[in-house]
Amino acid sequence: MEDLMIEKTKSTPFIYLSQVTNSFILKGESFPENSAKFYAPVLEWIREYITALDVHTKVIMDFEIIYFNSSTSKIFMTIFDLLDEAAMAGKNITVNWKCDENNETAIECGEEFQEDLGYLSFNIVTK
Amino acid sequence: MKINDIFAKEEKVITQAEQILKSEAFTATECAGYYGELLDEYRKLLKQMRSVVKMSDITQGKLNSLSMELERLSNIDELTDLYNRRCFNEKIAKEWFYASVSQSSLGLLMIDIDYFKQYNDNYGHLQGDKCLKEIADTIRQTVNRPKDFVARYGGEEFIVLLPGADLAGCAYIADRILENVTKIEFTDVNNNSYGKVTVSIGGNSMVPCENIEIGILISGADRALYKAKKEGRHCYRSI
């Protein structure tokens, strides 16, 4: 499985998904013109990755998003839902929702994502 | 409206579906199972929808407050906290229109600090900035009717819009400004004196009519200011 890297643009975040390091980084702002189209390869990669993932591998996923639009929030929910199901199946996945301590909006949104999850380890990390 | 309230219809659908399941309307247990799974999926998606709406509201609220702050910043002069020239240009156009409709006077004062370059040279630019701030505050406190409008027009120039004021009204306000500015004591925390400052003021007032443009009102006040400077400074003149 190949790594997936998408460069940052004005309206889309930097994305790096690696099976080699078992790390996932999503950083920047997200308000694509077509969120479904933009995130389609990301969702596909994650689905394939977590299907093949064994329960002994520790996976860290870092989300560092300053601003995101409504359709992105729906995509994120789909991603967290997938990860939550994998965690329910015993897979060791941690999501770090990273934000600036002064960015109340990002913190509140992180808390909102957190509420919907039952199994996934979801940390709000402020700096 | 609470988020729970806007999804009342969806909640009703869930309640109806639960009642259908309980009523044993499905003869085959297999069908009831599928229906139950679909219902769970619907609950989950509804929960997601609630979160999306809530996050969207949070973000929009933040964007709105940022937008208001940007609008405020685009209208305010950072140093003196008075309105800036851009805002003044918009304001005078509106007041000119109102005065034209109601056929009332629109008064204008143009104020310039006397020998400000020398003040800067003597005490430094930081003290010069403090002087500008103090004078701006004094003008703002002196001109305090609700519709009066004070702006920083340029470097050491201020402009005051006085809706409804004729030349006598302009002269009255100008005299109070002249008097109040001379009362300002420029000192630092150790009570060291930073001199005295005076201003010159030019005034003009007009009742707008079809053939007159706003520029005539402004250039008239500008000419009057020049006259005040020429006739010794620290005084008010009108044309």
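Conventions and cut-offs
- Residues numbered from 1 in each chain as written.
- Chains lettered and ligands numbered in written order.
- Predicted model: local features only at pLDDT ≥ 70, side-chain atom pairs only at ≥ 80, totals over all residues.
- Heavy atoms only, no water.
- Helix = DSSP H or I, 4+ residues; strand = E, 2+ residues; numbered from the N terminus.
- Rg over C-alpha atoms; globule rule 2.2 N^0.38 Å.
- Buried < 20%, exposed > 50% of the residue type's maximum accessible area, 1.4 Å probe, protein only.
- Contact = heavy atoms within 4.5 Å.
- Areas by Shrake-Rupley, 256 points an atom, 1.4 Å probe, with all protein chains shown as cover.
- Lys, Arg positive; Asp, Glu negative; His and termini not counted.
- Charge placed at Lys NZ, Arg CZ, Asp CG, Glu CD.
- Phe/Tyr/Trp six-rings, centres within 6.5 Å; stacked < 30°, edge-to-face > 60°.
- Lys NZ or Arg CZ within 6 Å of the ring centre and 35° of its normal.
- Pairing = 2+ DSSP bridges.
- Axes fitted to C-alpha atoms, helices over the stretch in contact; angles between N-to-C directions.
- Polar contact = N/O pair within 3.5 Å; in protein donor to acceptor, adjacent residues only side chain to side chain.
- Core = buried A, V, L, I, M, F, W, Y, C linked by side-chain atoms within 4.5 Å.

## A few points about the overall build of chain B
The number of helices and strands found in chain B is eight helices and five strands. In chain B, the succession of α and β elements from N to C terminus is α-α-α-α-β-α-α-β-β-α-β-α-β. Taken against the 2.2 N^0.38 rule, which gives 18 Å for 239 residues, the C-alpha radius of gyration of chain B at 32 Å runs more than 25% over that of a compact globule. Residues counted as buried form 38% of the 239 residues belonging to chain B. Taking the intrachain contacts of chain B between residues at least 6 apart in sequence as the baseline, contacts between residues at least 24 apart amount to 68%. Approximately 14100 Å² of chain B is accessible, and the part contributed by carbon and sulfur atoms is 53%. Distance between charge centres in chain B, computed from 31 positive and 35 negative side chains, equals 2 Å.

## Notes on the packing of aromatic side chains
The final tally for this structure, using the stated rule, is 26 aromatic pairs over all chains. Ring centres of phenylalanine 24 of chain A and phenylalanine 63 of chain A lie 5.4 Å apart, and the angle between their planes is 20°; this geometry places the pair in the stacked category. Of the two residues, phenylalanine 24 of chain A sits in strand 3 (residues 23-30) while phenylalanine 63 of chain A sits in strand 4 (residues 58-68), which places them 39 residues apart along the sequence. On the numbers, 6.3 Å between centres and 50° between planes, the contact of phenylalanine 76 of chain A with phenylalanine 80 of chain A is tilted. With a gap of four residues between them, phenylalanine 76 of chain A and phenylalanine 80 of chain A both fall in helix 2 (residues 70-88), about one helical turn apart. One exposure class covers both phenylalanine 76 of chain A and phenylalanine 80 of chain A, and it is buried. Pairwise contacts between aromatic rings join Phe24, Phe38, Tyr39, Phe63, Phe68, Phe76, Phe80, Trp97, Phe113 and Phe122 of chain A into one cluster. One residue, arginine 85 of chain B, lies across the ring of tyrosine 153 of chain B, its end atom 3.9 Å from the ring centre.

## Regarding the sheet that holds strand 1 (residues 106-113) of chain B
Residue and element names in this part refer to chain B. Taking strand neighbours across the sheet as the criterion, the five strands line up as 2-3-1-4-5 in an open arrangement whose pairing is mixed. Strands with a single pairing partner mark the edges of an open sheet, and in this sheet they are strand 2 (149-152) and strand 5 (236-238). Taken pair by pair, the neighbouring strands of this sheet meet at an average axis angle of 20°, ignoring direction. Of the strand pairs in this sheet, strand 4 (residues 199-206) and strand 5 are connected by three bridges, and their pairing is parallel. Bridging from a neighbouring strand, isoleucine 201 pairs with tyrosine 236 of strand 5.

## Overview of the side chain of asparagine 75 of chain B
Residues and elements named next belong to chain B. Relative to the assigned elements, asparagine 75 resides in helix 3 (residues 29-75). Separated by 3.3 Å, the side chain of asparagine 75 and the backbone oxygen of glutamate 71 make a polar contact. Discounting chain neighbours no more than four positions away, the residues touching asparagine 75 are Leu82, Tyr83, Asn84, Arg86 and Cys87.

## With respect to the nonpolar core
Of all hydrophobic cores here, the largest spans 42 residues; its most connected members are Phe63, Phe76, Phe80, Leu83 and Trp97 of chain A. For this core, the element with the most residues is helix 2 of chain A, which contributes nine residues. Among all residues touching tryptophan 97 of chain A, those that are not within four sequence positions of it are Phe63, Ile65, Phe68, Phe76, Phe80, Ala106, Gly110, Phe113, Phe122, Asn123, Ile124 and Val125 of chain A. Counting residues in hydrophobic clusters, the runner-up holds 29 residues, among them Phe116, Val143, Val197 and Ile201 of chain B.

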